[in-house]
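A structural walkthrough
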Amino acid sequence: MRAARTFSALLALLFIAGCLGGRLEYAPAARPDTKSGISACGDPPQRQAWRVRLRRGRQDSVFTVLVERDVQSGFGVAALNDVGGTLFQASAAGDGSAVVIQRNLLRIPDSVLARTFVQDALLPFLAHPPETASAGFLENGRSIRVNRLSRNRASIYVLSDSGNTIAEFLRLRGHHIAYHARFNTPGQPFEGGHEIISYSPRYAAAYRPLDTGQ
Amino acid sequence: MQRLSTESRMLAACVAVFSLLLFICLVPAFAEDPKPEAEAWPKEQAGKFLAELEARHGGDKSLAAVFDQEKHLKMLKAPLAAKGRICFVPPGRLRFEITQPFASVLLYSTGDIRRFEQENGKWKTLDARAVRVMVLVMEQISHWMQGKFQEQSQVFDTTVAPAPEQRVTVRLRPKHERFREFIEGIDIAVGPPPELRIQAITVREPGGDYTEMRFTREWRGLALPDSVFEVPDAPLDALLADEGKKP
């Protein structure tokens, strides 16, 4: 009986570990640096179109995502295929919490869509550490800001060499990476785009900015 | 007499300016009113027109067209615009290409679907398993461009209605309720006779969103090389430019 329990526990551990990325070790900064004004980007546009390449399992798909900022309601997000068909439409508040408002042809639950692809499209608008985030550094010496969300969860903002823009954004579960986003051109995500690896749910996505002339 | 003439000229000018102001003020007001749909032609007249359209554009001629596409979403303030091309050789060769704001090509040749996307100036092959529905849509578009509406009678209720300037709108309304959840209707704008050119296709979704595909140029009966349907970087620009120079 004990052997069966141990085996089940091991299986559960293996499953959880399989859903997460590698370990991330970090330490608090002995003396917090005084640099301020950290942001993912300088001046976010009112409207941004992304060309998205999404890989889920062995299948990849490509579509266009349009994000429009609204001072009152936050963000409108729509995904379209090449013939103009709507894949999904979502509305997001200023903090990124989103709700799918129309259609969802991506064959994943609305709640999962809202906290994955919708938030991915908004990442350059939202990835900036709150003032309460603590300073720290990674094993490789890179400066970070840590926003602890719960005992087991944290958001990590890896700063660029200049120290005033975000180069990478990670979500941790325990010490393991659950989500990893990298800005191709730190400080200018709307020109360079960003890449994402999510471990649970497992997918990878590349966001390339489109010049729609608007 | 001279004095009277000057006064009447001034009066006429005032009337003209007032009329112009009234026109400027009223036109936007009228423009905001939704236009009522024109009454559809009787079935017999519609059938005759569709037969004429098919006789004009049908057959086994190749087709190449350049289009401007606009996706209008009620949720967003401005539409998303794109430019593209469609090439078709009956019975089963198709190329659908978006040229702006990204470069993407979908090739369909006798049942084989291939999809490509240009990234950093290089064409990359994409998984084409998920785009069978897009191929179906494109096949439909090429059928409409060929004036083939009779085959649609299983899926759509087809009516024909007059539009301004001798144009005609072919309206397709899905018969099946399940289909109507996704598409409210499709309007195909046909230009004036004798060309009866397919000018635009508008796909209306429930809730007010719609996609408009406006064909800005078309070539029929072109000798399209096999490469157009086989490789993403076929010399289509040069081919269409050469055709454009011909008288």
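Here we summarise the structure given alongside this text. The structure displayed is predicted, hence computed values, not measured ones. Per chain, residues are indexed from 1 in the order of the written sequence. Chains and ligands are labelled by the order in which they are written, letters from A for the one and numbers from 1 for the other. Since the coordinates come from a predicted model, pLDDT governs what is reported: local features require at least 70, and pairs of side-chain atoms require 80 or more to be given and counted, while whole-chain, interface and lining totals use all residues. Derived side-chain values reflect all non-hydrogen atoms in the structure, with water molecules and hydrogen atoms excluded from consideration.

**So, the interface of chain B and chain A**
- In this analysis, two residues are considered to be in contact whenever any of their non-hydrogen atoms come within 4.5 Å of each other. With 33 residues of chain B in contact, the opposing surface of chain A contributes 34 residues.
- The term buried area means the drop in 1.4 Å probe accessible area that two parts suffer when joined, counted for both and summed. Between chain B and chain A the total buried area reaches about 2800 Å² when both faces are included, carbon and sulfur atoms providing 54% of it.
- Three residues, B:Met75, B:Leu80 and B:Phe102, lead the burial of chain B against chain A; their summed loss comes to 21% of the area buried on that side.
- Here a salt bridge means any side-chain nitrogen of Lys or Arg lying within 4 Å of a carboxyl oxygen belonging to Asp or Glu. Linking chain B with chain A are four salt bridges, by the criterion used here.
- Residue A:Asp82 pairs with B:Arg115 through a salt bridge whose shortest N-O separation is 3.4 Å.
- Labels follow the DSSP assignment, with helices taken as runs of H or I lasting at least four residues and strands as runs of E lasting at least two, numbered in each case from the N terminus. When residues in the side of chain B that touches chain A are grouped by element, the largest group, four residues, is from strand β5 (residues 112-119) of chain B.
- Ten residue types, Ala, Val, Leu, Ile, Met, Phe, Trp, Tyr, Cys and Pro, are classed as nonpolar, four, Asp, Glu, Lys and Arg, as charged, and the remainder, Gly among them, as polar. For the side of chain B that touches chain A, the per-class residue count stands at 17 nonpolar, five polar and 11 charged.

**With respect to the pattern of salt bridges**
- Taken as a whole and assessed by the stated rule, the structure comprises 24 salt bridges over all chains.
- For A:Asp60, the salt bridge is made with A:Arg55, and the minimal N-O distance between the two is 3.7 Å.
- For A:Arg55, a relative accessible area of 41% corresponds to the partly exposed category.
- Between B:Arg178 and B:Glu181 there is a salt bridge, with its nearest N and O atoms 3.6 Å apart. Burial classes follow relative accessibility: with a 1.4 Å probe on protein chains only, a residue under 20% of its type's maximum area counts as buried, one over 50% as exposed, and anything between as partly exposed.

**Points about the sheet that holds strand β4 (residues 104-109) of chain B**
Residue and element names in this part refer to chain B.
- Whether two strands pair comes down to DSSP finding at least two bridges between them. Here we have 11 strands laid out as an open sheet, ordered β6-β5-β4-β3-β2-β1-β11-β10-β9-β8-β7, and antiparallel in their pairing. Two strands close off the open sheet at either side, each with one partner strand: β6 (122-126) and β7 (156-163). On average, adjacent strands in this sheet sit at an angle of 20° to one another, irrespective of strand direction.
- With six bridges joining them, strand β9 (residues 185-190) and strand β10 (residues 198-204) adopt antiparallel strand pairing. Looking across to β10, one finds that isoleucine 188 is bridged to isoleucine 201. Between N-to-C directions, angles span 0 to 180 degrees; the directions come from axes that are lines fitted to C-alpha atoms, helices contributing only their stretch in contact.

**A closer look at empty space enclosed by the protein**
- Cavities and pockets were defined on a 1 Å grid built from protein atoms only: a cavity is a group of points that admits a 1.4 Å probe but offers it no way out, a pocket is an open group of points flanked by protein on both sides within 12 Å along at least five of seven lines, and a lining residue is one with an atom within 4 Å of any such point. Grid points are joined across faces, edges and corners, and a volume is the space filled by probe spheres set on the points. Taken as a whole, this structure holds one cavity of 30 Å³ or more when the rule is applied.
- Approximately 120 Å³ is the volume found for the largest cavity.
- Taken together, 14 residues form the lining of the largest cavity, with A:Asn81, B:Gln69, B:Leu80, B:Ala82 and B:Phe102 sitting closest to its centre.
- Of all the elements in the fold, those that place two or more residues in the lining of the largest cavity are β1 (63-72) and β2 (80-89) of chain B.
- Tallying contributions element by element places β2(B) first for the lining of the largest cavity, with three residues.
- Here the lining of the largest cavity is composed, by residue class, of eight nonpolar, four polar and two charged.

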